[in-house]
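Analysis of the macromolecular model
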Amino acid sequence: MLKHDCGSCHGLTLKGGLGPSLLAQDLSNKPDAYLLDTIQNGRKGTAMPPWKPFITEQETLWFIQTLLRQQHD
Ligand code: HEC
């Protein structure tokens, strides 16, 4: 799901595409609450859509933890 639904804009390796990179190194300095809000409500005026209709707040927090734990080179 992360790779397909998020990867379509953020790049299959999540290094960024239409949307910014979602690699741990780029997210770790951003507050969880801010990431949660971005994913749940989207960003007005940008291509980032709100995911609230599809994923709960709990699931979104899990996504954020998963993104932050990724291994990469
Ligand atoms: C239709 C394209 C699109 C899809 C699909 C998409 N995003 Fe985004 N996303 C964007 C864009 C564009 C931005 C940048 C918004 C801006 O300029 O502020 C963004 C921004 C973000 C940010 C903020 C990053 C930062 O550094 O501030 C996060 C986190 C994020 N997306 C997570 C996700 C997740 C998780 C998914 C899958 C559930 C997802 N996105 C799916 C287009 C998309």
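Residues numbered from 1 in each chain as written. Predicted model: local features only at pLDDT ≥ 70, side-chain atom pairs only at ≥ 80, totals over all residues. Heavy atoms only, no water.

**Section: the nonpolar core**
Nonpolar side chains tend to gather and get buried jointly when the protein is soluble and globular. With 13 residues, the main nonpolar core has Leu22 and Leu67 as its most contacted residues. Of all the secondary structure elements, the ones that give two or more residues to this core are helix H1 (2-10), helix H3 (32-41) and helix H4 (57-69). Not counting residues within four places of it along the chain, the set of residues in contact with Leu22 comprises Cys6, His10, Leu14, Leu27, Leu67 and Gln70. (Core = buried A, V, L, I, M, F, W, Y, C linked by side-chain atoms within 4.5 Å. Buried < 20%, exposed > 50% of the residue type's maximum accessible area, 1.4 Å probe, protein only. Helix = DSSP H or I, 4+ residues; strand = E, 2+ residues; numbered from the N terminus. Contact = heavy atoms within 4.5 Å.)

**With respect to unusual backbone geometry**
Leaving glycine out, the prevailing phi sign among residues is negative, and the prevailing peptide bond configuration is trans. Positioned with a positive phi, Leu14 is a non-glycine residue whose angle comes to about 65 degrees. As for its placement among the helices and strands, Leu14 is situated in the loop between H1 and helix H2 (24-27).

**Here we look at the site of the ligand**
Close contacts around the ligand come from 20 residues, with Cys6, Cys9, His10, Arg43 and Met48 the closest. The side chain of Lys30 places a nitrogen or oxygen atom 2.5 Å from an oxygen atom of the ligand. Under a 2 Å grid-point criterion requiring more than half of the atoms, the pocket assigned to the ligand is the largest pocket. Residues that form the shell around the ligand fall into these classes: 12 nonpolar, five polar and three charged. (Near = heavy atom within 4 Å. Polar contact = N/O pair within 3.5 Å; in protein donor to acceptor, adjacent residues only side chain to side chain. 1 Å grid on protein atoms, 1.4 Å probe; cavity = no way out; pocket = protein on both sides within 12 Å on 5 of 7 lines; lining within 4 Å. Sits in = over half its atoms within 2 Å of the grid points. Nonpolar A, V, L, I, M, F, W, Y, C, P; charged D, E, K, R; others polar.)

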